[in-house]
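Each chain, written out:
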Amino acid sequence: MIFYFYHLVLVEMDMKELIRPELITMKSYTPIEPMDILSQRAELSVEGIIKLDGNENLYGCSPKVYQALANYPYYYIYPDPEQRRLRQALEKYTGLNREHIVCGSGSDEIIDLILRLFLKPGDKVINCPPTFGMYPFSTAVCGGKVVDVPRDEGFTIDLAGIRSVLDKKTKVISVASPNNPTGNIITEQEITELVNTGKIVMVDEAYFEFSNVTMANLVPNYSNLIVLRTFSKWAGLAGLRIGYGIFPTEIASYLMKIKQPYNVNVAAQAAALASLADIEYLRGNVAKIVAERERLFNKLKELEWLKPYPSSANFILCSIHSNSERRSEESPAKEIWRLLQKKGIFVRYFDSPRLRNYLRISVGKPEDTEALIGALKESMLS
Ligand SMILES: *Cc1c(COP(=O)(O)O)cnc(C)c1O
């Protein structure tokens with residue numbers, strides 16, 4: 001017995017020595033929570049929750065997805081490691097040859113794979129905050145170093161600033177377009193300038209279907225341009241984890257080599273195929289969301305203490321201006337976030353200095369807009 005305890009203590013003491021030191025100190029990613037957890041937190045039923053914090057598609061997925069999942073006969077067989085049917089269907093959807101396409105368990109996995117392919121310990125990734133938190137997260141997990149080049153006041157990327165920090169250790173420049181959480185897009189000229197630096201340029205188009213602006217057609221012209229896409233937002237498949245990247249063929253073949261062989265599960269593949277077979281329906285929902293985005297924008301603009309930023313995606317970033325009556329330590333944005341939460345309305349608040357006066361609101365259905373605007377007006381009176 002004594003020997004046993006002694007052994008246990010030794011193992012515990014060694015742990016921090018064994019773990020990679022940069023992972024002990026790295027900042028963790030702040031994820032959003034699913035419906036059941038939010039409903040417990042708000043002490044409301046799941047039906048009483050209005051979830052506008054994850055840029056999910058509140059119209060849900062195509063009804064054909066439920067059919068495809070119910071009828072799929074081979075859950076007991078491993079998925080196709082070459083992702084043949086899916087890459088073929090995506091060839092038609094993107095207009096690009098399947099040799100350019102690699103699928104993953106969400107585009108989050110594709111980000112991780114790209115960084116694992118290119119980063120040696122200490123290699124650098126250019127990040128343009130405020131932006132999506134997975135780029136610094138995956139960079140850290142892959143042993144790389146994040147070099148932040150902040151966006152300007154209007155959230156445009158700082159091209160000169162990016163050029164000035166590039167060196168031999170810089171491997172990847174990551175930019176989202178439309179950017180999350182700011183909603184603005186990057187121009188083709190900006191992308192060409194980034195590509196001309198010779199670094200790997202990763203353009204994350206998770207919200208492409210809401211903006212209709214893409215750099216995908218440029219990919220075959222360059223050896224260092226990557227475009228990322230996902231089914232999570234436009235196709236309503238966030239919970240099934242399916243995304244893809246469009247790559248120069250050489251990069252695509254290395255990614256196919258280093259990915260986990262069965263990285264996309266059969267349910268996700270069946271759901272993505274069913275979605276691509278029901279594009280008109282899904283585009284109808286995207287059109288409704290885009291129309292609702294404009295309606296929500298105009299309603300938000302009417303509140304004088306809040307400023308919405310124009311968005312090409314399915315969410316709107318708002319700065320919260322004055323709330324002078326309050327004497328709280330918290331930023332007014334966080335206070336509004338908390339008040340909305342009490343009413344079962346969840347929006348995204350970011351715990352970062354640059355965004356402490358902002359909220360990001362996902363676009364839902366018309367009734368969600370009504371509830372949100374009503375609650376925002378009440379929150380100013382309370
Ligand atoms: C939501 C989001 C993703 C994540 O997509 P998944 O396919 O669900 O992993 C990627 N990039 C950006 C900018 C996003 O906002």
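Let us look at the structure shown here.

## Here's the deal with the sheet that holds strand β1 (residues 50-52)
Read across the sheet, 5 strands follow the order β1-β11-β12-β10-β9 without closing on themselves; strand pairing throughout is mixed. Both outer strands of the open sheet, β1 and β9 (306-308), are each paired with one neighbouring strand and no more. Between one strand axis and the next, the sheet turns by 30° as a mean value, whatever way the strands run. In this structure, strand β11 (residues 345-349) lies alongside strand β12 (residues 358-362), joined through 2 bridges in antiparallel fashion. The residue of β12 that forms the bridge with Y349 is L359. Sheet strands in contact with helix α13 (residues 279-301) are β9, β10 (315-320) and β12, and its direction is about 10° off that of β10. Helix α14 (residues 332-342) rests against β10, β11 and β12 of the sheet, and its axis sits at about 155° to β11.

## Remarks on the site of the ligand
Near the ligand there are 13 residues, and of these D204, Y207, T230, S232 and K233 occur at the shortest range. Contacts to the ligand include D108, whose backbone N or O atom sits 2.9 Å from an oxygen atom. Contact between the ligand and S232: an oxygen atom at 2.6 Å from a side-chain N or O atom of the residue. In the complex, 94% of the free accessible area of the ligand, which totals 380 Å², lies under the protein chains. No other element matches helix α6 (residues 106-118), which puts 3 residues into the shell around the ligand. Looking at side-chain class alone, the shell around the ligand contains 4 nonpolar, 5 polar and 4 charged residues.

## Points about the packing of aromatic side chains
Taken as a whole and judged by the stated rule, the model has 14 aromatic pairs. Among the aromatic residues, those joined into a ring-pair cluster are Y72, Y74, Y75 and Y76. The ring centre of F208 lies 4.0 Å from the NZ or CZ of R229, which sits over that ring. Across from the ring centre of F315, 5.7 Å away, lies the NZ or CZ of R360, which sits over that ring.

## Some details on the pattern of salt bridges
What the rule picks out here adds up to 20 salt bridges. The partner of K124 in a salt bridge is D167, with the nearest N and O atoms 2.5 Å apart. Here K124, found in strand β3 (residues 124-127), pairs with D167, found in the loop between α8 (159-165) and β5 (170-176); they are 43 residues apart in sequence, far enough to count as distant. Judged by relative accessible area, which is 30%, D167 ranks as partly exposed.

Calculation notes
- Residues numbered from 1 in each chain as written.
- Predicted model: local features only at pLDDT ≥ 70, side-chain atom pairs only at ≥ 80, totals over all residues.
- Heavy atoms only, no water.
- Pairing = 2+ DSSP bridges.
- Helix = DSSP H or I, 4+ residues; strand = E, 2+ residues; numbered from the N terminus.
- Axes fitted to C-alpha atoms, helices over the stretch in contact; angles between N-to-C directions.
- Contact = heavy atoms within 4.5 Å.
- Near = heavy atom within 4 Å.
- Polar contact = N/O pair within 3.5 Å; in protein donor to acceptor, adjacent residues only side chain to side chain.
- Areas by Shrake-Rupley, 256 points an atom, 1.4 Å probe, with all protein chains shown as cover.
- Nonpolar A, V, L, I, M, F, W, Y, C, P; charged D, E, K, R; others polar.
- Phe/Tyr/Trp six-rings, centres within 6.5 Å; stacked < 30°, edge-to-face > 60°.
- Lys NZ or Arg CZ within 6 Å of the ring centre and 35° of its normal.
- Salt bridge = Lys/Arg side-chain N within 4 Å of Asp/Glu carboxyl O.
- Buried < 20%, exposed > 50% of the residue type's maximum accessible area, 1.4 Å probe, protein only.

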